[in-house]
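These are the residues of each chain, in order.
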Amino acid sequence: MFNIHLASVYGFCRGVQVACSLAQKMIDENPDKNLYSIGKLVHNDKVVSSFASQGLNVINRPEDGQPGIALIRAHGITRELRAEFEQKGYTLIDGTCRIVFANQMRCSEEKKPVLYFGIRNHAETVATVSYLNVPYHVIENEEDLNQIDPSLSYDCVIQTTFSSEKLARFKKILSDRGVDVKYTNNICMASTRRRQAVSVLSRQCDTVFVIGEPQSANTTALYNLALSCGVKAFMIDGPESISDEMLDAHDIGICAGASVSPKQVSEVISFLESRGGILLPSSGGNSAS
Ligand code: SF4
């Protein structure tokens with residue numbers, strides 16, 4: 001017998017939840033049309049397959065499909081790609097997360113050179129910097145700071161899921177070098193809240209199950225955090241990934257990355273209950289925050 005503790009925040013963030021609701025609405029309202037998402041809707045193959053089984057297929061470029069309705073995922077797409085889809089006759093449904101969209105609009109209005117703090121090849125970065133009409137540097141690693149001309153002054157845009165610890169380190173280096181940067185902090189709290197919840201779980205439990213897939217950066221970050229807290233941590237897709245040895249625990253914590261659906265979390269809880277686990281009444285909080 002073991003106790004089950006559910007993280008205070010877990011699963012779909014608001015942006016992913018909105019994109020998935022738009023996808024379901026597209027499917028329900030357009031049974032006879034070609035339906036697509038531009039890129040994987042979420043970094044979660046179970047969710048992507050479930051939409052594919054209802055007729056929503058993933059394409060990356062207009063020539064990959066036939067004109068129809070195409071959903072822009074929460075990370076957004078470049079303005080060039082948006083124009084190409086429109087020119088080829090697709091109707092676009094915009095699922096760009098409102099926080100990412102705000103960054104795109106800021107970029108389009110920038111007048112000064114920009115430092116963009118983010119992961120260079122991440123879809124959100126590629127999409128967001130496409131809205132800039134001024135020179136910019138993408139700052140992912142400490143070495144990238146060497147490209148910066150200290151005689152110029154910069155505005156900054158930050159990838160919504162960028163690590164706040166890393167940002168603080170970079171700010172200190174730039175300040176020590178006397179670089180003039182006007183900072184705004186637009187890091188989304190969704191990832192931060194999930195990390196805080198995992199820290200709490202790791203103090204309460206000897207084992208933590210992180211639901212999600214390695215292709216999801218935020219799920220991997222939660223898994224690494226749990227490991228670094230000294231508990232036994234397992235990244236699982238669902239009940240099928242759970243072995244008997246993994247249940248040799250007194251207190252099992254459950255958390256889930258921002259691309260994991262409530263259904264996947266419920267399935268894991270039901271499975272653990274069927275194996276003798278007791279969900280503590282105080283467990284669980286908000287998903288989608
Ligand atoms: S993590 Fe934040 S910024 Fe990214 S999609 Fe989710 S809510 Fe939007």
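Before any of the text, the structure's been laid out above.
Let me begin by describing the structure that accompanies this report.

1. Focus: the site of the ligand
Here is step 1: Residues in close proximity to the ligand include C13, G15, A74, C97, T160, T161 and C188, which together make up its full environment.
Here is step 2: Taking a 2 Å distance to the grid points as the criterion, the majority of the atoms of the ligand fall inside the largest pocket.
Here is step 3: Taken together, the residues of the shell around the ligand sort by class into four nonpolar, three polar and no charged.

2. So, the packing of aromatic side chains
Here is step 1: Applying the stated criterion across every chain yields a total of seven aromatic pairs.
Here is step 2: Members of the aromatic cluster, joined through ring pairs, are F117, F162, F170 and Y183.
Here is step 3: Taking the ring centre of Y183 as reference, the NZ or CZ of K171 above it sits at 4.7 Å.

3. A word on the pairing of strand β11 (residues 207–211)
Strand residues, when the strand is regular, have side chains that alternate between the two faces of the sheet.
Here is step 1: For β11, the buried fraction is high: five of the five residues fall into the buried class.
Here is step 2: Every second residue of β11 is oriented toward a common face, with T207, F209 and I211 on one face and V208 and V210 on the other, all of them buried.
Here is step 3: Inspection of the sheet shows β11 paired to strand β12 (residues 232–236) by five bridges, in the parallel sense. The residue bridging T207 from the neighbouring strand is K232, located in β12.
Here is step 4: By the bridge criterion, five bridges tie β11 to strand β13 (residues 251–256) in an arrangement that is parallel. Residue pairing for β13: F209 is matched across the bridge by I254.

4. Here's the deal with the environment of C156
Here is step 1: Within the secondary structure, C156 sits in strand β9 (residues 153–158).
Here is step 2: Taking relative accessible area as the criterion, C156 reaches 0% and is therefore assigned buried.
Here is step 3: For the pair formed by C156 and E29, sequence separation is 127 residues and the distance between their alpha carbons is 41 Å.
Here is step 4: Beyond its immediate chain neighbours, meaning those up to four positions away, C156 contacts R106, L115, F117, V181, K182, Y183 and T184.

So, how was this worked out
- Residues numbered from 1 in each chain as written.
- Predicted model: local features only at pLDDT ≥ 70, side-chain atom pairs only at ≥ 80, totals over all residues.
- Heavy atoms only, no water.
- Near = heavy atom within 4 Å.
- 1 Å grid on protein atoms, 1.4 Å probe; cavity = no way out; pocket = protein on both sides within 12 Å on 5 of 7 lines; lining within 4 Å.
- Sits in = over half its atoms within 2 Å of the grid points.
- Nonpolar A, V, L, I, M, F, W, Y, C, P; charged D, E, K, R; others polar.
- Phe/Tyr/Trp six-rings, centres within 6.5 Å; stacked < 30°, edge-to-face > 60°.
- Lys NZ or Arg CZ within 6 Å of the ring centre and 35° of its normal.
- Buried < 20%, exposed > 50% of the residue type's maximum accessible area, 1.4 Å probe, protein only.
- Helix = DSSP H or I, 4+ residues; strand = E, 2+ residues; numbered from the N terminus.
- Pairing = 2+ DSSP bridges.
- Contact = heavy atoms within 4.5 Å.

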